[in-house]
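Commentary on secondary and tertiary structure
Below are the chains, spelled out letter by letter.
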Amino acid sequence: MEHPENDKCYAGLSVNSGVAQPPSVNPYAGKRPRRKPLPTVPEMVEGILRGDVTMLSRAVTLVESLAPDHYALAQEVIEKCLPHSGRSRRIGITGVPGAGKSTSIDVFGLHVLRDGGKLAVLAIDPSSERTKGSILGDKTRMEKLSQHPDAFIRPSPSAGSLGGVARKTRETIVLCEAAGYNNIFVETVGVGQSETAVHSMVDFFLLIQLAGTGDELQGIKRGIMEMADGIVINKADGDNIGPAQLAQAQFRSALHLFPPTESGWKPEVLCYSGYYELGIAEVWDMIDRYFDFVRANGYFDEKRRRQARFWMYESIDEQLRKHFYDNPEVDALLRDNETEVLANRRSSFAAAAKVLDYYFRNKNNR
């Protein structure tokens, strides 16, 4: 369209024609990107043993997948990686929400990597019971570590199934060890039974506590104290140094009330500041002393054997539950009996016995 302002009589004045309007519909809306085909098992195993982070990530995704064909493929990869695993130090890190677990892992990890080697961080992120979603934002608290070329950080959603997540985390440990990561950090959700599950797959269990938040002796009542191989009081800086040292003394006194540990190791209590990176070397020296101690008396290998046996039975339990709930006849019977229970026409125990009796009589029909 010609503008009258461009006429010669309007010397020195011109109007551009403007920019053409783009289409209102995205021309690429109907074109979905093609997914890359899954690599074969030999290709995946070769990539993992080579230290290929992309291949390792794809293998972990297979482990976390709920698809039956992905499960079978993941198990085959794990089986081939198993002979190359077991040569790492597995450290579980737990503490109440807000204790500074992710920030501490950031500085602990950098301290470890200064001595060489590689580090994998497996963080279990709690899932919402309402939306079933997870934030998976642990990397935002590990700014420096997430940029390190020798660090691999993998957050995983709990998805409401702690047993399943624990199994997947243990299998991920095998993959990371096969990929050459000689230090494994496992960060717990921080609540519920997650500590017990993580304790059953690590060599050293570190409990992070806080001071100045009320009665520190409340933490002594929890079974978590008996599982801890080391207790550290975080945020021991500024005006909080005094309360942190007081909490340290209280926890040290409380540890005398517990029976001796199976390893013979006496858990230590230290203070540090993750934010200001104070006392980090002392915490890691404690962990080094622990590994030297348990390797010398043979407890390290014995604990690994116990954990392998424990996870064999846990896998059996999980597969039995899956076989039970995936049975369509059992599912229909469960719904019928649930209706009877909710209407108070049948007790919960009688309903459970009826469903189980049907399952055991017909379990070989599938």
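Residues numbered from 1 in each chain as written. Predicted model: local features only at pLDDT ≥ 70, side-chain atom pairs only at ≥ 80, totals over all residues. Heavy atoms only, no water.

1. Some details on the overall build of the protein
Along the backbone of the protein there are 12 helices and 7 strands. Taking all 366 residues of the protein together, 41% fall into the buried category. A fraction of 74% describes how many contacts in the protein between residues 6 or more apart in sequence connect residues 24 or more apart. As displayed, the protein has an accessible area near 21300 Å², and 54% of this comes from carbon and sulfur atoms. (Helix = DSSP H or I, 4+ residues; strand = E, 2+ residues; numbered from the N terminus. Buried < 20%, exposed > 50% of the residue type's maximum accessible area, 1.4 Å probe, protein only. Contact = heavy atoms within 4.5 Å. Areas by Shrake-Rupley, 256 points an atom, 1.4 Å probe, with all protein chains shown as cover.)

2. A few points about empty space enclosed by the protein
Applying the stated criterion across every chain yields a total of 3 cavities of 30 Å³ or more. Each pocket or cavity is described by its volume, and for the largest cavity that value is around 60 Å³. What lines the largest cavity is simply E64, L122, A123, I124, R154, S156, K168, T169 and T172. Secondary structure elements with two or more residues in the lining of the largest cavity: β2 (119–125), β3 (151–157) and α5 (162–178). In terms of residue class, the lining of the largest cavity is made up of 3 nonpolar, 3 polar and 3 charged. The wall of the second largest cavity is formed by D203, Y290, V294, Y299, F300 and K303. (1 Å grid on protein atoms, 1.4 Å probe; cavity = no way out; pocket = protein on both sides within 12 Å on 5 of 7 lines; lining within 4 Å. Points joined across faces, edges and corners; volume = space filled by probe spheres on them. Nonpolar A, V, L, I, M, F, W, Y, C, P; charged D, E, K, R; others polar.)

3. As for the packing of helix α1 (residues 41–49) against helix α3 (residues 68–81)
Closest axis-to-axis distance for the α1/α3 pair is 10 Å, and the angle between their directions is 45°. The angle between the axes of α1 and α3 places the two elements in the oblique class. For the element pair α1 and α3, the recorded crossing hand is right-handed. Note on element contacts: α3 touches α1 through L73, E76, V77, K80 and C81, opposite V41, M44, V45 and I48. (Axes fitted to C-alpha atoms, helices over the stretch in contact; angles between N-to-C directions. Parallel < 35°, antiparallel > 145°, perpendicular 65-115°, else oblique. Left-handed = near helix turned anticlockwise from the far one by under 90°.)

4. Let's talk about helix α8 (residues 241–255)
For α8, which comprises 15 residues, the first-to-last C-alpha distance of 21 Å matches the rise-based estimate of 21 Å (1.5 Å per residue) to within 8%. Here the buried face of α8 lies against β5 (204–209), α7 (224–227), β6 (230–233) and β7 (268–271). (Expected span 1.5 Å × (residues − 1).)

5. Some thoughts on a nonpolar patch on the surface
Together, M312, Y313, I316 and L320 line one region of the surface with nonpolar side chains, adding up to about 410 Å² of accessible area. Positionally, M312 belongs in helix α10 (residues 299–325). (Patch = residues over 30% accessible without salt bridge, like charges linked within 9 Å, V, L, I, M, F, W, Y side chains within 5 Å. Salt bridge = Lys/Arg side-chain N within 4 Å of Asp/Glu carboxyl O.)

6. Quick word on the confidence of the model for the protein
Regions with low pLDDT carry predicted coordinates that are not meant to be interpreted in detail. Across the protein, the average pLDDT comes to 84, with 82% of residues at 70 or higher. Here helix α6 (residues 194–199) stands out as the element of the protein with the lowest mean pLDDT, 77, in contrast to helix α9 (residues 280–297), whose mean of 96 is the highest. Note on residues 127–137: pLDDT under 50 across the span, and 19 contacts to partners over four residues away in sequence or across chains. (pLDDT = per-residue confidence, 0-100.)

7. Here we look at helix α2 (residues 53–64)
Taking 1.5 Å per residue, 12 residues should reach 16 Å; α2 reaches 16 Å between its end C-alpha atoms and fits that length. Taken residue by residue, α2 has M55, L56, A59, V60, L62 and V63 as its buried positions. Each buried residue of α2 sits inside an arc of 155° when the element is viewed along its axis, so together they form one side. Where α2 begins, the side chain of D52 points an oxygen toward the backbone nitrogen of T54, at a separation of 3.0 Å. (Arc of directions from axis to C-beta. Polar contact = N/O pair within 3.5 Å; in protein donor to acceptor, adjacent residues only side chain to side chain.)

8. Details of the packing of aromatic side chains
The final tally for this structure, using the stated rule, is 13 aromatic pairs. Ring pairs connect the aromatic residues F204, W265, Y290, F291, F293 and F300, which therefore count as one cluster. Residue placement shows R89 over the ring face of F291; its charged tip is 4.6 Å from the ring centre. (Phe/Tyr/Trp six-rings, centres within 6.5 Å; stacked < 30°, edge-to-face > 60°. Lys NZ or Arg CZ within 6 Å of the ring centre and 35° of its normal.)

9. Comments concerning the pattern of salt bridges
Between side chains of opposite charge, a pair can form as their charged atoms come close. The tally for this structure, following the rule as stated, stands at 15 salt bridges. The salt bridge involving D52 is made with R50; its shortest N-O contact spans 3.1 Å. Judged by relative accessible area, D52 falls into the partly exposed class, the value being 24%. Among the ionic pairs, R335 bridges to D331, the shortest N-O distance being 3.2 Å. Of this pair, R335 and D331 both sit in helix α11 (residues 328–342), 4 residues apart, which is roughly one turn of the helix. Classification of D331 by relative accessible area gives partly exposed; the value is 32%. Counted as one network, the salt bridges with shared partners bring together E262, E302, R305 and R306.

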